[in-house]
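Summary of the model geometry
In case you want the letters, here they are:
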Amino acid sequence: MNTDTLKKQQNSTVKTERITGAEAVIRCLLEEGVDLIYGYPGGAIMPVYDELYKYQDKLTHILTRHEQGATHSAQGYARTSGKVGVAIATSGPGATNLVTGIADAQIDSTPMVCITGQVASHLLGSDAFQETDIIGISTPVTKWNIQITKAEDIPAVMAKAFYIARSGRPGPVLVDITKDAQFAEIDFSYEKCKGIRSYKATPKTEPQSLKDAATLINAAKKPMIVWGQGVILGEAEAEFKAFVEKTGIPAAWTILGVSALETAHPLNVGMVGMHGNYGPNKLTNECDLLIAIGMRFDDRVTGNLATYAKQAKVVHFEIDPAEVSKNVKADVAVMGNVKNTLAAILPEVNKNTHASWLQEFEAHDKIEKESVIQEELYPTKDGISMGEVIRNVNEVTKGDAVVVTDVGQHQMMAIRYAEFVKSKSNVTSGGLGTMGFALPAAIGAKMGAPDRHVVAVIGDGGYQMTIQELGTIFQNNIGVKILVLNNEFLGMVRQWQELFFENRYASTEMTNPDFVKIAEGYNIPANRVTERADLADAVKTMFETEGAYFLEVCVEKENNVFPMIPTGASVSDIRLK
């Protein structure tokens with residue numbers, strides 16, 4: 001039998017159905033298990049929306065109030081559900097409005113598929129109405145992107161898109177589909193993608209690397225773990241906890257790694273980085289072994305690389321070969337999904353306690369509590385502190401809420417002081433630092449974890465960047481708790497202006513609207529707190545109220561976040577004031 005005959009026989013066994021390219025898009029989403037998408041319609045994507053109308057019983061579409069809101073909602077959904085988030089928009093400005101969320105997803109390794117409409121293929125390159133080269137624009141900030149001009153390519157491309165988005169180190173994929181491809185008919189069949197020849201999602205783990213890593217771990221006197229989001233993305237929480245508890249090694253987290261290990265665990269020594277905890281930052285430059293697990297040595301973690309952990313050997317557990325020795329040279333690189341590599345190394349490492357080394361972290365923790373934490377959580381001066389607001393949240397939720405944060409002082413305060421007892425409980429914009437992230441991301445986070453409290457902690461600046469998404473919450477009755485910490489400043493920028501620009505507050509003070517009236521205009525119950533005596537009851541009421549709720553807390557205008565590592569300084573130079 002020749003090859004052509006064999007192919008014909010194989011193809012004849014595949015059941016096909018004659019449908020349009022637009023319907024094929026919807027059918028592909030259903031084949032991938034998608035039941036929820038976020039988007040905003042327009043001319044070039046209208047054929048897909050017309051087919052979506054016919055599938056409302058199988059596929060829920062959430063109309064956001066801006067395309068950026070669609071991407072951030074898709075991110076929030078992906079982060080709490082562990083699934084691929086999906087966003088959809090039209091061509092031109094619709095597509096370009098997705099770019100911020102796509103870039104955010106790329107740097108924070110969030111699995112997302114974005115679908116954009118495009119002008120008809122014969123108009124490409126003609127500067128047609130709402131034509132934009134979204135492929136060229138999005139290439140630097142996507143894991144993969146592609147333009148479809150023929151309807152018959154839709155099933156294979158969509159299958160590949162979902163495979164790439166969710167496999168290995170996850171990330172965003174953009175599929176741009178011309179309008180004529182959406183209208184054309186094809187014989188539809190679908191086969192999920194299980195691999196791509198040129199793309200190795202998960203690198204092979206070399207057995208020798210496990211032995212070498214175990215040797216260093218077993219010999220270390222002052223080892224320290226820094227873990228990141230790779231533990232959560234790899235669903236390796238159980239393996240990670242077993243590794244930490246068997247080795248007895250103090251473990252610190254990046255802002256995207258928090259919640260993989262419960263906050264109260266005795267070996268959880270806090271956050272590293274610019275506004276991290278005093279002990280893990282100072283002792284980074286005293287450990288003899290630094291074990292990095294699912295993190296990428298971001299500059300906000302390392303400070304000045306020339307002085308970062310130069311005395312230590314480095315073991316790096318990582319899935320992305322591009323991150324190994326990119327910023328910090330690894331003596332041993334253990335490649336692969338950390339769920340597998342931590343399970344593989346566990347029998348090779350010795351049971352240990354490192355009690356005297358852990359006491360050094362405890363001593364530094366005592367210094368930080370006396371210098372910073374006590375006053376932040378239980379302030380003695382007038383004015384409500386951001387930290388005490390988060391303390392009141394903890395007292396109600398007992399650490400069992402999903403905390404979604406925007407970017408700025410409130411973000412650092414919330415992540416420093418929030419308590420977590422479950423994984424996938426922290427949703428924030430880490431690498432890109434996107435103001436406006438929290439409100440739409442909280443929408444997705446709540447829909448991804450409908451049985452959990454989701455509280456969006458937002459500054460008054462970032463809140464107004466995507467405040468229109470209150471309309472999405474209102475229309476869809478999404479039970480997000482919105483907590484705005486209002487200091488009438490772009491707080492983090494103001495802090496830097498105070499510390500490094502001689503108090504020149506250039507364009508950072510804000511005159512804000514009546515946030516309570518705005519929330520009430522969207523039929524969302526709302527309250528404002530200006531006095532400490534009212535805070536505890538207000539926070540309790542927010543969580544006890546069914547559905548969405550808005551709470552504004554007027555906090556100290558010029559309070560700063562400490563500790564702090566000044567930009568370009570060593571982690572050893574962390575400041576307590």
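Residues numbered from 1 in each chain as written. Predicted model: local features only at pLDDT ≥ 70, side-chain atom pairs only at ≥ 80, totals over all residues. Heavy atoms only, no water.

Checked against the element boundaries, Ile19 lands in strand 1 (residues 17-20). Overall, Ile19 belongs to the buried group, its relative accessible area being 4%. As for Ile19 and Ala151, which are separated by 132 residues in sequence, their C-alpha atoms are 9.9 Å apart. (Helix = DSSP H or I, 4+ residues; strand = E, 2+ residues; numbered from the N terminus. Buried < 20%, exposed > 50% of the residue type's maximum accessible area, 1.4 Å probe, protein only.)

Turning to the packing of helix 17 (residues 386-397) against helix 24 (residues 535-544), a few remarks are in order. Two numbers describe how helix 17 lies on helix 24: the axes approach to 9 Å, and their chain directions differ by 50°. Here helix 17 is positioned oblique relative to helix 24, judged by the angle of their axes. Where helix 17 crosses over helix 24, the two elements pack in a sense that is right-handed. In contact with Glu388, Val389, Asn392, Val393, Val396 and Thr397 of helix 17, helix 24 contributes Leu535, Ala536, Val539, Lys540 and Phe543. Residues belonging to the contact of helix 17 with helix 24 are distributed by class as follows: 7 nonpolar, 2 polar and 2 charged. (Axes fitted to C-alpha atoms, helices over the stretch in contact; angles between N-to-C directions. Parallel < 35°, antiparallel > 145°, perpendicular 65-115°, else oblique. Left-handed = near helix turned anticlockwise from the far one by under 90°. Contact = heavy atoms within 4.5 Å. Nonpolar A, V, L, I, M, F, W, Y, C, P; charged D, E, K, R; others polar.)

Further remarks concern the domain arrangement of the chain. Often, the extent of an interface is quoted as the loss of accessible area on bringing the components together. Taken domain by domain, the chain comprises domain 1 (3-188), domain 2 (207-361) and domain 3 (382-554). Domain 2 and domain 3 are separated by 31 Å when their C-alpha centres are compared. If you look at the interface, domain 2 gives 18 residues, while domain 3 gives 19 residues. Across the domain 2/domain 3 interface, buried area totals approximately 1400 Å², and carbon plus sulfur atoms make up 61% of it. (Domains from an automatic or database assignment. Buried area = accessible area lost by both parts, 1.4 Å probe.)

Ordered by their spatial adjacency, 6 strands build an open sheet running 11-10-9-12-13-14, and the pairing between neighbours is parallel. In the strand order of this sheet, the two ends are held by strand 11 (268-271) and strand 14 (332-335), each with one partner. For this sheet, the mean angle separating the axes of adjacent strands, direction not counted, is 20°. Both strand 9 (residues 223-227) and strand 12 (residues 289-293) contribute to a ladder of 5 bridges, which runs parallel. Bridge assignment links Pro223 to a residue of strand 12, and that residue is Leu289. (Pairing = 2+ DSSP bridges.)

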